[in-house]
Amino acid sequence: MTWTITPEPTDSPAAVALWRAYYTEVSDRWYLLHQGRATDPAELEREIAADTGKDLTLLLLAHHDGTPAGTAGIRLTPDPTTAELTRVFLLPHLRGRGGAARLVTAAERAARTLGATRVILDTRADLTEARALYTRLGYEETPPHNTAPYADHWFTKHLT
């Protein structure tokens, strides 16, 4: 079983399918936790269409044995030494095989190449797996750096 990670256009069929899987999972998790239901299908379609990822500086796509398996996005902030990590996602059946750590590490390398010396991110309290991953990879929890409506936890990592 091999992992490969390469840059990918945000509008490629693989990137679009993985964005749909990511958004569906995080949206359904939030609605199930807070309202006891899955995301309304019309809302899901509207939100997926509204956030195409065109604002990303770079999207990385992970392949597992040649099959699209996950993503990680980098967005440079107005401070060009800071990159934001976003859209970190692996298909559920491929989790626990090292792909997420590989994606984040590849995103950090890409951020360095773009001139960043620091990576920031936000996540939610219910995404405990994500928070554990970031902590394991050396991210430190910080005060909020944005006012994102669903963000509960903010992290920073200084790149060396």
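For the structure, see preceding data.
These figures come from a predicted structure and were not determined experimentally. (Residues numbered from 1 in each chain as written. Predicted model: local features only at pLDDT ≥ 70, side-chain atom pairs only at ≥ 80, totals over all residues. Heavy atoms only, no water.)

Asker: Looking at this structure, I do not really get the packing of helix α1 (residues 13-35) against helix α2 (residues 41-50). What am I missing?
Answerer: Working note: a packed helix pair is described by the angle between its axes plus the distance between those axes. Viewed as axis vectors pointing N to C, α1 and α2 meet at an angle of 130°, and their least axial separation amounts to 10 Å. The angle between α1 and α2 places the two elements in the oblique class. Viewed along their axes, α1 and α2 form a crossing whose handedness is right-handed. Between α1 and α2, the contacting residues are Trp19, Arg20, Tyr23, Thr24, Ser27 and Tyr31 on the first element and Glu43, Leu44, Glu45, Glu47 and Ile48 on the second. (Axes fitted to C-alpha atoms, helices over the stretch in contact; angles between N-to-C directions. Helix = DSSP H or I, 4+ residues; strand = E, 2+ residues; numbered from the N terminus. Parallel < 35°, antiparallel > 145°, perpendicular 65-115°, else oblique. Left-handed = near helix turned anticlockwise from the far one by under 90°. Contact = heavy atoms within 4.5 Å.)

Asker: Quick question: what am I supposed to make of the nonpolar core here?
Answerer: As a rule of thumb, nonpolar side chains are buried together in soluble globular proteins. Judged by nonpolar contacts, the single largest core of 38 residues is most densely connected at Leu85, Val104, Ala111, Tyr134 and Tyr139. Sorting the residues of this core by element identifies α1, α2, β2 (58-64), β3 (67-76), β4 (82-90), α3 (99-113), β5 (118-123) and α4 (128-136) as the ones contributing at least two each. No other element matches α1, which puts 6 residues into this core. Apart from residues lying up to four places away in sequence, Ala111 is in contact with Ile74, Ala83, Ala116, Val119 and Leu159. (Core = buried A, V, L, I, M, F, W, Y, C linked by side-chain atoms within 4.5 Å. Buried < 20%, exposed > 50% of the residue type's maximum accessible area, 1.4 Å probe, protein only.)

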